[in-house]
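A structural walkthrough
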Amino acid sequence: EAWATGCTWSVQKRLKTIQQACLLRNHNFLQYCKADILEDKGFGRSMKALEAAFASEDSSLGGCADVGEPVAQDGESMVVV
C-alpha cells in the first residue's frame, strides 16, 4: 500500500486541458515520437512538441487551445496538465 509509506499524490491545480487531436494530428506528435524511438536518442522531438502544446495557444508556435475542465465531449480524448 503506497499510502502507508507516505507515497501519495493529488491534483493541486489544473493548468491546462487540450484536445488530444490538437497534439496528435495538428502538431504531428506521433511522427515525432516514432522518429525519436527509431533514433534511440531519447525523446527530444516528442518532448518539445508536448511542451509547446501546453506553453501556448498559438498553433503556429505548436500550441493548443485550453478547452477548460476535462469533460470529454463527442467521444474526444483530452490531455490534462
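Before reading on, note that the structure itself is shown above.
A few points on the structure. For every chain, the first residue of the written sequence is number 1, and numbering continues from 1 onward in sequence order. Under the rules for a predicted model, residues below a pLDDT of 70 receive no local features and side-chain atom pairs below 80 are neither given nor counted, while totals for whole chains, interfaces and linings still include all residues. Note that the side-chain values use all heavy atoms of the structure and ignore hydrogens as well as water.

**A look at the overall build of the chain**
- Think of it this way: any DSSP run of H or I at least four residues long counts as a helix, any run of E at least two long counts as a strand, and we number them from the N terminus. Broken down by element type, the chain carries three helices and two strands.
- Reading the chain from its N terminus to its C terminus gives the helix and strand order β-α-α-α-β.
- If you take every contact in the chain between residues at least 6 apart in sequence, the share linking residues at least 24 apart comes to 61%.
- If you sum the accessible surface of the chain, you get close to 6200 Å²; carbon and sulfur atoms cover 55% of it. The contact rule is simple, with two residues in contact once any of their heavy atoms fall within 4.5 Å. Accessible areas in this description were obtained via Shrake-Rupley with a 1.4 Å probe; residue shielding takes into account the shown protein chains only.

**A look at the state of the cysteines**
- By disulfide we mean two sulfur atoms from cysteines, separated by a distance within 2.5 Å. With the rule as written, the count across this model stands at one disulfide.
- Disulfide partner of Cys22: Cys64, at an S-S distance of 2.0 Å. Sign of the S-S torsion, about -95 degrees for the bond between Cys22 and Cys64, identifies this disulfide as left-handed. In this pair, Cys22 is assigned in helix α1 (residues 20-26) and Cys64 in the loop between α3 (44-55) and β2 (78-80), connecting sequence segments 42 residues apart.

**Re the packing of helix α2 (residues 29-39) against α3**
- A fitted line through C-alpha atoms represents every axis, and for helices the fit uses only the stretch in contact; the resulting angles, taken between N-to-C directions, go from 0 to 180 degrees. In the contact formed by α2 and α3, the axes pass within 7 Å of each other and the chain directions differ by 155 degrees. If you check the angle between α2 and α3, you find them roughly antiparallel. Contacts between α2 and α3 pair Phe29, Tyr32, Cys33, Ala35, Asp36 and Glu39 from the former with Gly44, Arg45, Ser46, Ala49 and Leu50 from the latter.
- Just so you know the grouping, Ala, Val, Leu, Ile, Met, Phe, Trp, Tyr, Cys and Pro go in nonpolar, Asp, Glu, Lys and Arg go in charged, and all remaining residues, Gly too, go in polar. Tallied by class, residues from the contact of α2 with α3 come to six nonpolar, two polar and three charged. To sort the angles, those under 35 degrees are grouped as roughly parallel, those over 145 as roughly antiparallel, those from 65 to 115 as roughly perpendicular, and the leftovers as oblique.

**Here we look at the environment of Cys22**
- Relative accessible area serves as the criterion here: at 12%, Cys22 is assigned to the buried category.
- Residues Cys22 and Gly62 lie 40 residues apart in sequence; the distance between their C-alpha atoms is 9.2 Å.
- Residue contacts for Cys22: discarding those within four places in its chain leaves His27, Gly63 and Cys64. Relative accessible area decides the class of each residue, using a 1.4 Å probe on protein chains only: under 20% of the type maximum gives buried, over 50% gives exposed, and in between gives partly exposed.

**Here we look at the pattern of salt bridges**
- Salt bridges are defined by distance alone: a side-chain nitrogen of Lys or Arg within 4 Å of a carboxyl oxygen of Asp or Glu. Taken as a whole, this structure holds two salt bridges when the rule is applied.
- Linking Arg45 and Asp36 is a salt bridge whose minimum nitrogen-to-oxygen distance equals 3.8 Å.
- We classify Arg45 as partly exposed; its relative accessible area is 33%.
- For Asp36, a relative accessible area of 4% translates into the label buried.
- Between Arg45 and Glu39 there is a salt bridge whose closest N-O contact spans 2.8 Å.

**Some remarks on unusual backbone geometry**
- Here the phi dihedral of Asn28 falls at roughly 55 degrees; this positive angle occurs in a residue that is not glycine.
- Relative to the assigned elements, Asn28 resides in the loop between α1 and α2.
- A positive phi angle, close to 55 degrees, is found at Asp40, a residue other than glycine.
- Locating Asp40 in the fold gives a position in the loop between α2 and α3.

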